[in-house]
Amino acid sequence: MTAPTSSIAVSPELVQGRWAFLRSQRATSIGLLLPALIFLGVMTQAPFVVTLWYSFHNWILTSPELGHRWVGLDNFRYELTQDPIFRQAIYNTLEITAAIVGGSLVIGLAFALLLNRSFPLRGVARALMIAPFFVMPTVNAVVQKNLFLNPIFGLVNWVATSLGFARTDWLAAHAKFGIISMAVWQWAPFMMLILLAGLQGISDEVREAARIDGAGPVAEFRKVTLPLLGPYVELAVLLGMIYILQLFGEIFVATQGGPGTETTTIPYYVYQTISQANDVGTSSAQGVLAIVFSSIIAALLLRLLTRTFRRGVTG
Amino acid sequence: MTRRRAERIALNTTGVLVFLVMIFPVYWMVSTAFKPGIDVQTFTPKWFPHPATLSNFTDAIHRPYFWQDVKNSVFVVCVVVALSAVLSFLAALALARFRFYGRKAFIVLIIAVQMVPLNALIIPLYIAFSNAPGGTQVNKLTGVVVAYLTFVLPFCIWTLRGFVMGIPQELEEAALVDGCSRFGAFVRILLPLVAPGLVATSIFAFIQAWNEYIIAYVFLSSPEKQTLTVWLANFTTNRGTAWGSLMAGATLTALPVVAFFVIVHRKIAFGLTAGGVKG
């Protein structure tokens, strides 16, 4: 069953030694990489370069008479020093992302700990707990906005008024909280999924050893479980952040960035600038700034997380 | 012993409560879908859809473009999953098994790409697609597929690379000694071993492509070309929104996917962590 090519691939190595093998290796690796490399290069780097190019121009689609004018760094200057909404959007993005990542991580960890015990129907419970993550974000927003947070018929208000609290229009009075709670409901199961896998990797012997050494449940959790869970927490935060920074569907459906600019995040503001103001130059500048900001946040966060957990493991 | 038992009961009760809270929105969506219009919005909630009706479902599926948009979504998802599996497997092989110039840079590039906010790239993508060689790609499903691959591929490559690295190279070397070609070793030895990773990344690609909203919304302007997320978000009539039908539509689009993934979720958790933590 040996294919004729197989002898060709092996024999040069035997005859000509290492170099030929290395050369063939390089050829194979380039052949394997090229399709994905070309695709990713063209599809992500090219649009980025084009965005950068547009960001130095004044180009408003609805005012063709102004043309397509080179303005240098004016768009960036405007965004960074003058545009009050952009600053608000950065702040909103940070606040909403931090709250969602933090909230879903804590809740997800609690779920993972609860589910990592033996109880009847554990498999079914685990499986059903994942369900929220597979609901489309737009569906989630539609359901929560209209069935739960609706000021008159919403279930949340029914609970609140039954308990004697005043009726509240949640998405108007606490829009940020509304968006955060929607997203946490969706992302907590995701965090749980990853952390549960981590918990299952911690062998019972390690915990038992801690218990024999006199560790109570809290100490066991802090000194054994959490440090061993470190890489999984890192992964969960990194993955979660990548997607939560780009949160769009919930805001688009539930609040449209409002009331005012209360829930206008950077992704939503970029979308608004291009689709409502039709301002290609400015929105490109916003996009470039968004890329810079998210890279900085990711780098800082990763470093912080790594340091925390290294200390946790050794200390 | 009794204290342990009390602890256990307390934890189990908490677990059940948490479980009910988490699952309740899904239940509420489904039960609303079965309620007749008059019961959908009430001051005092009706906990069970009684009397139940299927009229919301028939209304939803007879709405214009529902089946067309189901087809569109399924097409987009299938193509994205298939292409991303092939491309990312090849790239992951190269990254995990070969040393070559620029390898580190490529890995960094992959993670960086994943950090780029999609909205920031929508303008140039739109302009590039409308001037694409061989005719405009705007308002075409192929254009959306290409755009989705952009943000699905980096994650798949990164995860699969972890998987490939986790499989001992000696297995392939043994195959090489036995006269297998380099590529043959990949296909016959490595591919079956990486299959769980491939399943995990494919599922991830599926979720991303199925749930994506902004690109579909911006790129697909005519209703017969749209995907289900856009169809649902646009679910209004001239006389306001039919909540029952909307929930029926939401149920129809969400439940098959939820059911399917609930069955295979173990593989996802395994794949996400096995590929990522070793990173």
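Keep in mind the model is a prediction, meaning the values are calculated, not measured.

Quick notes on the rules
Residues numbered from 1 in each chain as written. Chains lettered and ligands numbered in written order. Predicted model: local features only at pLDDT ≥ 70, side-chain atom pairs only at ≥ 80, totals over all residues. Heavy atoms only, no water. Helix = DSSP H or I, 4+ residues; strand = E, 2+ residues; numbered from the N terminus. Buried < 20%, exposed > 50% of the residue type's maximum accessible area, 1.4 Å probe, protein only. Contact = heavy atoms within 4.5 Å. Areas by Shrake-Rupley, 256 points an atom, 1.4 Å probe, with all protein chains shown as cover. Salt bridge = Lys/Arg side-chain N within 4 Å of Asp/Glu carboxyl O. Phe/Tyr/Trp six-rings, centres within 6.5 Å; stacked < 30°, edge-to-face > 60°.

**Student:** Even after reading the chapter, I still don't get the overall build of chain A, so can you show me in this structure?
**Tutor:** Within chain A, the regular secondary structure consists of 14 helices and 2 strands. Out of the 315 residues belonging to chain A, those deemed buried represent 51%. Once local pairs closer than 6 in sequence are excluded, the contacts in chain A between residues at least 24 apart make up 68%. Summed over all atoms, the accessible surface of chain A reaches about 14800 Å², with 67% contributed by carbon and sulfur.

**Student:** Help me understand the overall build of chain B, please; the structure alone is not making it clear to me.
**Tutor:** Along its length, chain B carries 12 helices and 0 strands. Its helices and strands taken in sequence order, chain B reads α-α-α-α-α-α-α-α-α-α-α-α from the N to the C terminus. By the burial criterion, 56% of the 279 residues in chain B qualify as buried. For chain B, the share of sequence-separated contacts (at least 6 apart) that also reach a separation of at least 24 residues comes to 71%. Taken as a whole, chain B presents about 12400 Å² of accessible surface, with 69% of it coming from carbon and sulfur.

**Student:** So what exactly am I meant to see when it comes to the pattern of salt bridges here?
**Tutor:** Close approach of charged atoms lets side chains of opposite charge pair. Residues and elements named next belong to chain A. Inspection of the entire model under this criterion finds 4 salt bridges over all chains. As a salt-bridge pair, R77 and D74 come within 3.0 Å of each other at their nearest N and O atoms. Here R77 pairs with D74, and both are found in helix α3 (residues 74–82), just 3 residues apart, close to one helical turn. For D74, a relative accessible area of 40% gives the class partly exposed.

**Student:** Would you take a moment to explain the packing of aromatic side chains for this structure?
**Tutor:** Note on aromatic pairs: each is described by the distance of the centres and the angle between the planes. Summed over the entire model, instances satisfying the criterion amount to 28 aromatic pairs over all chains. Taking 5.1 Å as the distance between ring centres and 75° as the angle between the ring planes, the aromatic pair formed by F248(A) and Y271(A) counts as edge-to-face. Placement of the pair is F248(A) in the loop between α11 (217–244) and α12 (249–254) and Y271(A) in helix α13 (residues 266–275), with a sequence separation of 23 residues. Judged by relative accessible area, Y271(A) falls into the buried class, the value being 9%. Feature note: the residues F248(A), F252(A), Y268(A), Y271(A), Y213(B) and Y217(B) constitute an aromatic cluster, connected by ring pairs.

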